[in-house]
Amino acid sequence: MRRILGSAVLAGCLAVAGCAGDRLAGRSTITACMDPREAHSADIHRNLAALRRAPICYRRQEVHEGGYHWVFHVLEHTKAPNGPFWVLPHDSENAAFDAGVHALLTYGGGLLAVDAGGHRAFFGQDPNRNFSSSRAESRLCGSPRPAPVYTQAILAHYRDGKRKGRGPYLALHNNGDGHNGNGGDGNISLYRNGPNLTHWPGAATGNRALQDEDNLIFMAGTRPVSADPAARRRITALNRAGLSVIYKQVTPGNFDCSLSDYVARHQLGEYYNIEAQHGARDTQIEMLDRLMAVLGIRPLRDRSNANPFLDR
Ligand SMILES: [Zn+2]
């Protein structure tokens, strides 16, 4: 992979509506593999020493759509590309990125991080409120402008030859302290009730950080948990592993154009988002390891079978 260093060749075109550079229709391009040192990303440079421990392909993906020029940083383990794949929509969440690097080195697979110059929003658009396929769908979340190219450019990473579209769909986020915290992300809390949200506290395991209201697994589906035995079993297993869960039943009335809601609405597969308080890197890594254990995804060092989601 490292043969092609530095040649920022525009190697792929994932556009939904043609690759001819139609700015209205939108287009997505992705480079060939580059050395991670070439990435214009503070997150990647902060983790360079760790990333050197594994064979990593770095690619820069760009999406032009609706007047936005998005940049995604994509990291993949070249020896174990079929491991779990993580989406990091928010560039202001450093602990989440560092946990993603831990995941990449420990379990293989890859991650995609949206570049927003270190901020949560990108020119006024929250990257995690930009998942929609049609005008009718984007209107559900109050946006007149759908983003099908953006949406498919991200989701295509779950459909390529390595991962075969079976997920699990995984995201990493950080949030503010409590649910009145600042930064606009403090609305995630195990103690905050909302319509169509149910809360499932994790068992006490001796790690008190896991019981912090801000550290939890976010799941979503279109049915209530009581009508979804598979989701209920997952929640029970996560709770037993000490992980708290919030489950959102996604409806046309509460669809918010987030990745979780999009995956649920389109029934793409299982979705898990690890939410941890800003700065809680070690706790988020602990949660990630516990989630992987519950899902049966083993570390590279002691597995013969890469990803059980590919064996179904
Ligand atoms: Zn976030």
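To be clear, the structure that these remarks concern was listed above.
Since the model is a prediction, treat every value here as computed from it, not as a measurement.

Parameters at a glance
Residues numbered from 1 in each chain as written. Predicted model: local features only at pLDDT ≥ 70, side-chain atom pairs only at ≥ 80, totals over all residues. Helix = DSSP H or I, 4+ residues; strand = E, 2+ residues; numbered from the N terminus. Contact = placed C-beta atoms within 7 Å. Expected span 1.5 Å × (residues − 1). Buried ≥ 20, exposed ≤ 12 C-beta atoms within 10 Å, placed from the backbone. Arc of directions from axis to C-beta. Core = buried A, V, L, I, M, F, W, Y, C linked by C-beta atoms within 7 Å. Axes fitted to C-alpha atoms, helices over the stretch in contact; angles between N-to-C directions. Parallel < 35°, antiparallel > 145°, perpendicular 65-115°, else oblique. Left-handed = near helix turned anticlockwise from the far one by under 90°. Nonpolar A, V, L, I, M, F, W, Y, C, P; charged D, E, K, R; others polar. Pairing = 2+ DSSP bridges.

Engineer: What's the story with the overall build of the protein chain in this structure? I'm lost.
Structural biologist: Check the secondary structure of the protein chain and you find 8 helices and 11 strands. At a minimum sequence separation of 6, the contacts of the protein chain that also span at least 24 residues come to 68%.

Engineer: Would you mind going over helix α6 (residues 229–240) with me for this structure?
Structural biologist: Residues that lie three or four places apart on an α-helix share one face, since the helix turns once every 3.6 residues. With 12 residues, α6 ought to run about 16 Å at 1.5 Å a step, and its terminal C-alpha atoms sit 16 Å apart, in line with that. Turning to α6, its buried residues number three or more, namely Ala231, Arg234, Ile235 and Leu238. The buried residues of α6 occupy one face: seen down the axis, they fall within an arc of 100°. Across from the buried face of α6, at angles greater than 90 degrees, the exposed residues are Pro229 and Arg233. Taken together, the buried residues of α6 touch β8 (197–200), β9 (216–221), β10 (245–249) and α8 (281–295). Two residues or fewer after α6 comes Gly242, characterised by a positive phi angle close to 90°.

Engineer: Explanation requested: unusual backbone geometry in the structure shown.
Structural biologist: Backbone phi values are negative for most residues with the exception of glycine, while trans is the configuration of most peptide bonds. In the Ramachandran plot, Cys257 falls in the positive-phi region, its phi being about 65° despite a non-glycine side chain. Mapped onto the fold, Cys257 is located in the loop between β10 and α7 (259–265). Residue Cys257 is classed as buried on the basis of its C-beta count, with 22 C-beta atoms lying within 10 Å. With phi around 50°, Gln267 is a residue other than glycine that occupies positive phi space. Tracing the sequence through the fold places Gln267 in the loop between α7 and β11 (271–277). For Gln267, a count of 8 C-beta atoms within 10 Å corresponds to the exposed category.

Engineer: How do you make sense of the nonpolar core when you look at a structure like this?
Structural biologist: Side chains of a nonpolar character, in soluble globular proteins, are inclined to be buried together. Core analysis: the largest hydrophobic core is formed by 73 residues, its most contacted members being Trp86, Leu88, Ile217, Met219, Val245 and Leu291. Counting residues per element, this core draws most heavily on helix α3 (residues 94–107), at 8 residues. Here Val245 is in contact with Trp200, Leu216, Ile217, Met219, Ile235, Leu238 and Asn239, once residues within four sequence places are set aside.

Engineer: Whenever I open this one, the packing of α3 against α8 confuses me. Can you help?
Structural biologist: Packed helices, taken two at a time, are described by their axes: the angle between them and the distance between them. Direction vectors running N to C along α3 and α8 enclose 40°, while the axes themselves pass 9 Å from each other. Classed by the angle they form, the pair α3 and α8 counts as oblique. Note that α3 runs across α8; the crossing there is right-handed. Residue-level contacts link Ala95, Ala96, Asp98, Ala99, His102, Ala103 and Tyr107 of α3 to Arg281, Gln284, Ile285, Leu288 and Met292 of α8. Its residues assigned to classes, the contact of α3 with α8 shows 8 nonpolar, 2 polar and 2 charged.

Engineer: Is there a simple way to explain the pairing of β11 in this structure?
Structural biologist: A regular strand places its side chains so that they alternate between the two faces of the sheet. Of all 7 residues in β11, 7 are buried; the element is thus mostly enclosed. Residues Tyr271, Asn273, Glu275 and Gln277 point to one face of β11 and Tyr272, Ile274 and Ala276 to the other, with burial holding for every one of them. Strand direction decides the pairing type here: strand β7 (residues 169–175) and β11, joined by 7 bridges, are parallel. Looking at the pairing, His173 lines up with Glu275 of β11.

Engineer: Would you mind showing me how to read α3 here?
Structural biologist: Its 14 residues place the ends of α3 20 Å apart at the C-alpha level, agreeing with the 20 Å of an ideal helix rising 1.5 Å per residue. Counting buried positions along α3 yields 10 of 14 residues, so the element is predominantly enclosed. For α3, the set of buried residues is Ala95, Ala96, Phe97, Ala99, Gly100, Val101, Ala103, Leu104, Thr106 and Tyr107. Positive phi appears at Gly108, one or two residues downstream of α3, with a value of about 75°.

Engineer: Any chance you could explain the environment of Val74 here in plain terms?
Structural biologist: Tracing the sequence through the fold places Val74 in strand β4 (residues 68–77). Judged by C-beta crowding, with 20 C-beta atoms within 10 Å, Val74 ranks as buried. Distance from Val74 to Gln61, taken between C-alpha atoms, is 7.1 Å for residues 13 residues apart in sequence. Excluding residues within four positions of it along the chain, Val74 makes contact with Arg59, Gln61, Gly110 and Leu112.

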